[in-house]
Amino acid sequence: MPLPSSFADIAQKSAVLFLAGTTVYYMVNIGMLVNRRMELKKQGKLQEELARLTGMAPPQPPQPSQDMGYLHTETATTPTPMATNAQPGSTAPQPNGEGA
């Protein structure tokens with residue numbers, strides 16, 4: 001019966017070596033990916049690289065809309081400041097009737 005026990009030992013050692021090897025391999029790859037992303041982030045190119053890898057276009061900053069009225073509706077309790085000439089930054093009327 002020494003044959004089955006030696007076979008079991010070899011199989012166990014092989015499995016342990018296989019699992020240890022794959023663990024080291026993947027840990028090294030993950031470390032390399034993290035370092036690469038940190039370098040890309042320092043260079044400001046991380047979003048472009050992620051978009052390239054996923055096959056998507058890079059995110060664009062939101063463009064201000066010409067009609068921003070749909071974002072806010074005034075209610076009876078909404079304070080609405082009224083500009084007056086007494087406020088700082090307002091321009092005084094010119095003697096000839098034109099604004100400055």
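Scroll up a little and you will see the structure.
Residues numbered from 1 in each chain as written. Predicted model: local features only at pLDDT ≥ 70, side-chain atom pairs only at ≥ 80, totals over all residues. Heavy atoms only, no water.

## Quick notes on the overall build of the protein
Helix and strand content of the protein: two helices and zero strands. When the 100 residues of the protein are sorted by exposure, 4% land in the buried category. (Helix = DSSP H or I, 4+ residues; strand = E, 2+ residues; numbered from the N terminus. Buried < 20%, exposed > 50% of the residue type's maximum accessible area, 1.4 Å probe, protein only.)

## Quick notes on helix 2 (residues 46-54)
Those residues of helix 2 that sit buried are Leu 46, Glu 49 and Ala 51. Phi turns positive, to about 80 degrees, at Gly 55, one or two residues after helix 2.

## Focus on the packing of aromatic side chains
Inspection of the entire model under this criterion finds one aromatic pair. On the basis of an interplanar angle of 80 degrees and a centroid distance of 5.2 Å, the ring pair of Tyr 25 and Tyr 26 is categorised as edge-to-face. (Phe/Tyr/Trp six-rings, centres within 6.5 Å; stacked < 30°, edge-to-face > 60°.)

## Side note on a nonpolar patch on the surface
Taken together, the side chains of Tyr 25, Tyr 26, Met 27, Ile 30, Val 34 and Met 38 define a hydrophobic patch exposed on the protein surface, amounting to about 670 Å² of accessible area. Within the fold, Tyr 26 resides in helix 1 (residues 2-43). (Patch = residues over 30% accessible without salt bridge, like charges linked within 9 Å, V, L, I, M, F, W, Y side chains within 5 Å. Areas by Shrake-Rupley, 256 points an atom, 1.4 Å probe, with all protein chains shown as cover. Salt bridge = Lys/Arg side-chain N within 4 Å of Asp/Glu carboxyl O.)

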